[in-house]
Each structure stands twice: as C-alpha cells, then as structure tokens.
Amino acid sequence: QVQLVESGGGSVQPGGSLRLSCTFSGSRFSFYAMAWYRQAPGNEREFVASIRWNAGPVYAEFVKGRFTISREIDKNTLYLQMNSLKFEDTAVYYCNSAPGGRLEPWGQGTQVTVSS
C-alpha cells in the first residue's frame, strides 16, 4: 500500500515562502507522475502542479511563476517551492498521483496559512 506523507506547511505573511515535501513509500516512486493538490475550507480539492519523468512540469494558472514542483527519485520525495504567497493560497496541500490523484489512501496533508 502506498503511503504519502506531506510536511513543511506553516503560517507565513503575504509575500513569504514555504517549501513543502511529500515522502512516498510502498511502491516505485519513479513509476508515477506526481502532483500537488490543495483544498481550502468550503472548496473542492483542486490541482496545483504536476511533474512527470518525460515531460515538463504543469502548473495551475493561479500559481504560475510563483510555485515550482520538483522531485528527487532517489529520496522518494516530491517538493513544492512556494514563493510570493497570497492570502488565497491558504489551504491544506496534498500530494498524489497525476492525473486525478488516484492513489489511496490520501495523506493527511499539510496546512498552509497566509495571513498578516
């Protein structure tokens, strides 16, 4: 069974930065295209960014130029560098496969709060 563990969230002021990590275990990490998703209170979970071995990263329009997705295959770890954070980036962030987040169970997520 795949296990996904997200970390690195926290509280930051607008314009600040955070780096999220997702550790992957229970299967072969390199097989999967991976993505970050987020869910704000009262909203549906939404796609943020994805990465695959044979193509460039893909970003949601609302994070282009601010967020960078990357992965270290030998560490089974996915990252999301988040810069120039905005109030509307406040959400719980999750990692999962791309597209569609089909790995079960989902991790617990990591909370990102942007506030002044």
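Refer to the structure presented above.
Thresholds applied
Residues numbered from 1 in each chain as written. Predicted model: local features only at pLDDT ≥ 70, side-chain atom pairs only at ≥ 80, totals over all residues. Heavy atoms only, no water. Helix = DSSP H or I, 4+ residues; strand = E, 2+ residues; numbered from the N terminus. Rg over C-alpha atoms; globule rule 2.2 N^0.38 Å. Buried < 20%, exposed > 50% of the residue type's maximum accessible area, 1.4 Å probe, protein only. Contact = heavy atoms within 4.5 Å. Areas by Shrake-Rupley, 256 points an atom, 1.4 Å probe, with all protein chains shown as cover. Phe/Tyr/Trp six-rings, centres within 6.5 Å; stacked < 30°, edge-to-face > 60°. Pairing = 2+ DSSP bridges. Axes fitted to C-alpha atoms, helices over the stretch in contact; angles between N-to-C directions. Disulfide = S-S within 2.5 Å.

Caption draft 1: The arrangement of the overall build of the chain in detail. Helix and strand counts for the chain stand at zero helices and ten strands. Across the chain, helices and strands are ordered from the amino to the carboxyl terminus as β-β-β-β-β-β-β-β-β-β. Relative to the compact-globule value of 13 Å for 116 residues, the chain shows a C-alpha radius of gyration of 13 Å, a close match. Taken along the three principal axes of its C-alpha coordinates, the chain extends 40 × 25 × 25 Å. Taken over 116 residues, the chain has a buried fraction of 44%. Put simply, 56% of the contacts in the chain that link residues at least 6 apart link residues at least 24 apart. Working note: accessible area of the chain is about 6100 Å², and carbon and sulfur atoms make up 48% of it.

Caption draft 2: Examining the packing of aromatic side chains more closely. Inspection of the entire model under this criterion finds five aromatic pairs. A ring pair is formed by Phe24 and Phe29, whose centres lie 5.1 Å apart and whose planes are at 50°; its orientation type is tilted. Accessibility expressed as a relative area gives 1% for Phe29, which makes it buried. An angle of 70° between the planes, with centres 5.4 Å apart, marks the rings of Tyr37 and Trp106 as edge-to-face. Taken together, the positions of Tyr37 in strand S4 (residues 34–39) and Trp106 in the loop between strand S9 (91–97) and strand S10 (110–114) put the pair 69 residues apart, joining distant regions of the chain. Aromatic rings pair up to connect Tyr37, Phe47, Tyr94 and Trp106 into one cluster.

Caption draft 3: The sheet that holds strand S5 (residues 46–52), seen in detail. Spatially, the six strands line up as an open sheet ordered S2-S10-S9-S4-S5-S6, and their pairing is mixed. Bordering the open sheet on either side are strand S2 (10–12) and strand S6 (55–59), each of which pairs with just one other strand. Neighbour-to-neighbour, the strand axes of the sheet open up by a mean angle of 20°, direction not taken into account. The pairing of S4 with S5 spans five bridges and is classified as antiparallel. Across the sheet, Met34 pairs through a bridge with Ile51, a residue of S5.

Caption draft 4: Geometry of the pairing of strand S1 (residues 3–7). Where burial is concerned, the two faces of S1 differ: the one with Leu4 and Glu6 is buried and the one with Gln3, Val5 and Ser7 is not. Of the pairings in the sheet, the one linking S1 to strand S3 (residues 18–25) comprises five bridges and is antiparallel in character. In the sheet register, Val5 faces S3, and the bridge partner there is Thr23.

Caption draft 5: Representation of the state of the cysteines. With the rule as written, the count across this model stands at one disulfide. Residue pairing for Cys22: its cysteine sulfur links by disulfide to Cys95, the two sulfurs lying 1.9 Å apart. On the sign convention where negative is left-handed, the bridge of Cys22 and Cys95, at about 55° about the S-S bond, is right-handed. Here Cys22 is found in strand S3, whereas its partner Cys95 is found in strand S9, with 73 residues between them in sequence. Cys22 sits in the buried class, given a relative accessible area of 0%.

By themselves, these are just geometric observations and shouldn't be taken as functional.
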